[in-house]
Amino acid sequence: MSDFSAARVLVVEDEPPQMELLAYNLEKEGFSVSRAIDGEEGLLCAEEVIPDIILLDWMLPNLSGIEVCRQLKRKKETSEIPVIMLTARGEETDRVRGLDTGADDYIVKPYSVTELMARVRATLRRARPSTAKQSLSYGELHVDLERHRVTYGEDTIKLGPTEFRLLVFLLEKPGRVWSREQLLDRVWGMNSDIDLRTVDVHVGRLRKALKQTGKTDPVRTIRGFGYSLDDD
Ligand code: CA
């Protein structure tokens, strides 16, 4: 699926054969996969990489999948990452408990790969508006994703490819605060060796282009941390 080709999946699973099966199928579909073999590693990975989605096994040693999910949902940095719980149990109470912890969906083992992939895509589509939508807006700011066109009120804005990606990314979650590390990671890509100041340079260019319309610059600087799309 080309629209999710850049999506990053964190798999938290302690059983190697299960992990291999999941990673193999996800990578075959073009996803980029990070692996964690227990709950603690899963929590660390989630904060380091900020995946687009987490597949979380229910039965993990030490820290259970439920507890991992609770902790993910409690932390600001990871609370919005969609989580699909993988569970071997199918009882109704367990299902409810799974969703009570903030999990976005659950899959009962043994699952079919086709079903799992469909769930992953559906969950990503709900969580990442830009992959399903043709346009994104924030106040008078409007991005036509199909035509790669940005307008602010009546004015059309010309942006470089990086500024465009940056704006689309910020528009997906207005008000959400992103650190410069997270922006570098999400907008430039996981393996980029780029200096953090590059983020400031491109945010600066984006702001300049937006301000040229004579309107307010909607990008907010969070001193010593990062940026968000927010005009108050
Ligand atoms: Ca397990």
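Structure first, text after, so check above.
Thresholds, definitions, all that
- Residues numbered from 1 in each chain as written.
- Predicted model: local features only at pLDDT ≥ 70, side-chain atom pairs only at ≥ 80, totals over all residues.
- Heavy atoms only, no water.
- Donors = N, O, S within 2.8 Å, 3.2 Å for Na, K, Ca; no water.
- Helix = DSSP H or I, 4+ residues; strand = E, 2+ residues; numbered from the N terminus.
- Buried < 20%, exposed > 50% of the residue type's maximum accessible area, 1.4 Å probe, protein only.
- Core = buried A, V, L, I, M, F, W, Y, C linked by side-chain atoms within 4.5 Å.
- Contact = heavy atoms within 4.5 Å.
- Pairing = 2+ DSSP bridges.
- Phe/Tyr/Trp six-rings, centres within 6.5 Å; stacked < 30°, edge-to-face > 60°.
- Lys NZ or Arg CZ within 6 Å of the ring centre and 35° of its normal.

**Side note on the coordination of the calcium ion**
Bound to the calcium ion on the protein side are D14 (OD), E15 (OE), D57 (OD) and M59 (O), at distances that span 2.1 to 2.3 Å. Mapped onto the polypeptide sequence, the residues donating to the calcium ion form the spacing pattern D-E-x41-D-x1-M. Within this pair, whereas E15 is found in the loop between β1 (8-12) and α1 (16-28), its partner D57 is found in strand β3 (residues 53-57), the two being separated by 42 residues in sequence. With relative accessibility at 2%, the residue D57 sits in the buried group.

**Quick notes on the nonpolar core**
Counting residues in each nonpolar core, the largest one holds 27 residues, and the members touching the most others are V143, L166 and L183. Secondary structure elements with two or more residues in this core: β7 (141-144), β8 (149-152), α7 (161-172), α8 (180-188), α9 (197-211) and β12 (226-229). The greatest single-element share of this core, amounting to seven residues, is contributed by α7. Setting aside anything within four residues of it in sequence, one finds V143 in contact with Q134, S135, L136, R149, V150, F164, L167, V168 and L171. V68, L72, I81 and Y106 belong to the second-largest nonpolar core, a separate cluster that totals 21 residues.

**Quick look at the pairing of β12**
Going residue by residue along β12, you find G226 and S228 tucked away on one face and Y227 and L229 tucked away on the opposite face as well. Pairing geometry for strand β10 (residues 178-179) and β12, over two bridges, is antiparallel. Among the inter-strand pairings, W178 is bridged to a residue of β12, identified as Y227. As paired elements, strand β11 (residues 219-222) and β12 share four bridges and run antiparallel to each other. The partner of T221 across the bridge, within β12, is Y227. Adjacent in sequence and paired antiparallel, β11 and β12 are bridged by three residues, among which G224 carries a positive phi angle near 70 degrees.

**A closer look at the packing of aromatic side chains**
Under the counting rule described, the total for this entry stands at one aromatic pair. Seen from their ring centres, F169 and W178 are 4.6 Å apart, and the 50 degrees between their planes marks the pair as tilted. Given a relative accessible area of 10%, F169 falls into the buried group. Residue classification places W178 among the buried residues on the basis of a relative accessible area of 4%. The lysine or arginine in question, R176, covers the ring of W178, its NZ or CZ lying 3.9 Å from the ring centre. The ring of Y152 has K215 lying over it, and the distance from NZ or CZ to the ring centre is 5.7 Å.

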